[in-house]
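What follows is each chain in one-letter form.
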Amino acid sequence: MIQSALGSSPLEENLRILTDAIGGRVTGTPAADRAAEWAVAAFRQAGIEEVHTESFKIPFGWSEGATHLEVLSPVPFVVHLVSIGWSPATPRGGITANLVDVGVGDDAGFAKAGDSVKGAIALVHTTLLNTWDDLSNEYTLHPVILDRAIKAGAVAVFWMSTRPSLLLYRHNLSINGELERLPQAILAREDAERFARFLQSGQTVRVHLDMPNRITGPAESKNVVAQIRGREKPDDFVLLGAHLDSWELGTGALDDGCAVAMLIDAARVIHQTGTLPRRSIRFVLFTGEEQGMLGSAAYARAHRDEMDYMVAAVIYDNGNGPITGYELAGRKDVAAAVRDALLPAASLGVKDFTLDGAGDTDNFDFMLQGIPTLVAIQDPANYMLNYHAASDTFDKVDIPELKRHVAIAAITAFALADRLERIGPRQSRAEIEQLLKDTGLEQGMHDDGFWPLWVSGERGRLP
Ligand SMILES: [Zn+2]
């Protein structure tokens with residue numbers, strides 16, 4: 001399998017088509033549908049016969065309109081900005097308002113700004129994104145900052161870009177496919193700093209914001225599923241997943257196109273061995289990940305009756321840096337079995353097995369179903385600078401590195417599916433609750449608003 005993965009393959013051409021020819025593929029858009037059609041054909045090309053799509057609904061379709069900011073005072077200049085994803089549009093005719101600096105958006109920042117936030121646009125300072133911790137902090141902090149802005153009566157929020165050199169990116173804070181609670185935009189770091197200096201020197205900054213985002217009702221989206229059927233226990237399956245959807249300022253190469261091309265090629269590599277694993281392997285390309293892991297949630301719901309047969313969910317969603325191991329999201333009980341099963345991947349650098357779990361990618365709903373999950377741990381490499389940004393394009397992907405990932409994914413899938421015993425049992429709801437406490441994920445779910453969805457049974461194993 002290693003030889004086949006590292007040798008000549010359709011990997012690079014597949015990634016080129018997905019990123020350059022199909023391009024950015026936001027959930028619910030025609031580009032995402034084209035990507036699903038292409039992925040079905042690519043799996044067939046890889047030799048896999050059992051391939052199909054599974055549709056689900058997201059609550060709202062969304063696309064950006066002609067976002068524009070005019071600086072009315074103190075001096076006009078061109079401001080580079082984009083709407084965040086799933087932001088409501090500004091009212092017809094736009095918003096004319098003062099800009100108010102709320103520092104980093106903490107209580108002190110809002111206290112200092114005081115009543116001036118009411119009816120104004122809040123400008124929030126950020127630090128540059130450099131590490132995985134910076135990234136998870138952003139997702140934890142920003143919803144809380146947004147709460148403060150709403151409470152203070154802001155009409156919109158401007159986030160300073162966390163990237164240098166006018167680089168812009170797009171994502172959303174809302175969960176479960178809902179619309180954002182307030183119009184929000186990301187401003188080029190340099191433009192936001194210029195505004196901050198005007199305000200610091202005591203000048204009034206007054207702007208006119210037009211953000212005519214197009215929002216539709218429920219939209220359909222498709223996951224792509226390909227299966228290699230097991231020889232002994234075909235109902236049991238290991239799921240390997242990556243997300244097919246992306247943001248569209250760039251073309252979603254690092255996030256998560258490279259892993260999509262990688263999984264399709266891992267299927268080819270396994271198929272070409274001519275050997276069937278004991279249990280089945282399902283390769284699932286999810287959509288809706290960027291709006292709150294909606295595709296994997298839909299998959300877990302639709303396949304609820306099969307969850308007892310699911311051995312593990314293995315997810316790749318951390319860019320193109322070397323894979324050094326897997327996060328096991330709190331499953332102490334499976335660590336020894338996983339380490340043992342994946343010894344054949346140790347020579348490729350897969351040695352690190354941690355109990356961490358971030359709850360921010362497609363393993364989440366399977367973990368909430370009690371399934372053991374593995375998320376690839378990767379060096380950040382060039383991920384942070386290009387994260388969800390206009391610069392997330394084909395040229396950022398190191399193809400020889402991606403070929404090593406193909407070998408790792410193929411070995412991981414085969415080893416887990418072929419093992420004599422499952423790596424571990426499915427957990428009961430009580431055991432899952434304990435795991436959420438142990439991993440600190442429970443607090444995270446309270447902060448980002450996920451907790452009520454777990455309590456109601458909308459997400460995760462039924463009470
Ligand atoms: Zn991703």
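Above this text you will find the structure in question.
Definitions and limits used
- Residues numbered from 1 in each chain as written.
- Predicted model: local features only at pLDDT ≥ 70, side-chain atom pairs only at ≥ 80, totals over all residues.
- Heavy atoms only, no water.
- Pairing = 2+ DSSP bridges.
- Helix = DSSP H or I, 4+ residues; strand = E, 2+ residues; numbered from the N terminus.
- Axes fitted to C-alpha atoms, helices over the stretch in contact; angles between N-to-C directions.
- Contact = heavy atoms within 4.5 Å.
- Donors = N, O, S within 2.8 Å, 3.2 Å for Na, K, Ca; no water.
- Tetrahedral: all angles 85-135°; square planar, octahedral: opposite > 155°, others 65-115°.
- Buried < 20%, exposed > 50% of the residue type's maximum accessible area, 1.4 Å probe, protein only.
- Expected span 1.5 Å × (residues − 1).
- Phe/Tyr/Trp six-rings, centres within 6.5 Å; stacked < 30°, edge-to-face > 60°.
- Lys NZ or Arg CZ within 6 Å of the ring centre and 35° of its normal.

## A short note on the sheet that holds strand β3 (residues 68-73)
So, step 1. Read from one edge to the other, the open sheet built from seven strands follows the order β3-β9-β5-β6-β7-β8-β4, with strand pairing classed as mixed. In the strand order of this sheet, the two ends are held by β3 and β4 (81-83), each with one partner. If you compare each strand with its neighbour and ignore which way they point, the axes differ by 30° on average.
So, step 2. Relative to strand β7 (residues 156-160), helix α5 (residues 132-151) is tilted by about 145°, and along the sheet it contacts β6 (121-124), β7 and β8 (184-187).
So, step 3. Where helix α6 (residues 189-200) meets the sheet, its contacts fall on β3, β5 (95-101), β6, β7, β8 and β9 (206-210), and the angle it forms with β5 comes to roughly 75°.

## As for the coordination of the zinc ion
So, step 1. In the first shell of the zinc ion, the protein supplies His243 (NE2), Asp255 (OD), Asp317 (OD) and Asp317 (OD), at 2.0 to 2.7 Å from the metal.
So, step 2. If you look at the zinc ion, its four donor atoms make angles of 51 to 147° with each other, and the shape they trace is irregular.
So, step 3. All donors of the zinc ion belong to a single chain; written as a sequence motif, their spacing is H-x11-D-x61-D. Taken together, the residues aspartate 255 in helix α7 (residues 253-273) and aspartate 317 in the loop between β14 (310-315) and β15 (323-327) connect sequence positions 62 residues apart. Here the two residues aspartate 255 and aspartate 317 agree in accessibility, since each one is buried.

## Remarks on α7
Quick reminder: α-helices carry 3.6 residues per turn. Residues three or four places apart thus point the same way.
So, step 1. In this model α7 runs 28 Å from its N-terminal to its C-terminal C-alpha over 21 residues, within 8% of the 30 Å that 1.5 Å per residue would give.
So, step 2. For α7, the buried fraction is high: 18 of the 21 residues fall into the buried class.

## Some words on the packing of aromatic side chains
So, step 1. Within the structure shown, the criterion is met by 11 aromatic pairs.
So, step 2. Between phenylalanine 77 and phenylalanine 195 the ring centres are 5.2 Å apart and the planes differ by 50°, which places this aromatic pair in the tilted class. Of this pair, phenylalanine 77 sits in the loop between β3 and β4 while phenylalanine 195 is found in helix α6, placing the two residues 118 residues apart along the sequence.
So, step 3. Between tyrosine 299 and phenylalanine 366 the ring centres are 6.3 Å apart and the planes differ by 65°, which places this aromatic pair in the edge-to-face class. With tyrosine 299 in helix α8 (residues 294-302) and phenylalanine 366 in helix α10 (residues 364-367), this pair connects stretches of sequence that are 67 residues apart.
So, step 4. Residue class for tyrosine 299 comes out buried when judged on its relative accessible area of 1%.
So, step 5. Here the aromatic residues Trp62, Trp86 and Trp247 are joined through ring pairs into a cluster of three or more.
So, step 6. Of note, arginine 163 hangs over the ring of tyrosine 169, and the distance from its end group to the ring centre comes to 4.0 Å.
So, step 7. Here arginine 194 stacks its cationic end above the ring of phenylalanine 77, 3.9 Å away from the centre of that ring.

## Some thoughts on the sheet that holds strand β13 (residues 279-286)
So, step 1. Strands sit in the order β1-β11-β13-β12-β14-β17-β15-β16 across an open sheet of eight strands; the sheet is mixed. Every interior strand has two partners, whereas the edge strands, β1 (50-58) and β16 (352-354), have only one. Strand after strand, the sheet turns through a mean of 25° between neighbouring axes, direction not considered.
So, step 2. Sheet analysis places β1 next to strand β11 (residues 219-228), joined by nine bridges and oriented antiparallel. Counted as the bridge partner of threonine 53 is valine 224 from β11.
So, step 3. On top of the sheet, helix α12 (residues 399-418) reaches β12 (233-243), β13, β14, β15 and β17 (373-378); it is set at about 135° to β13, its chief contact.

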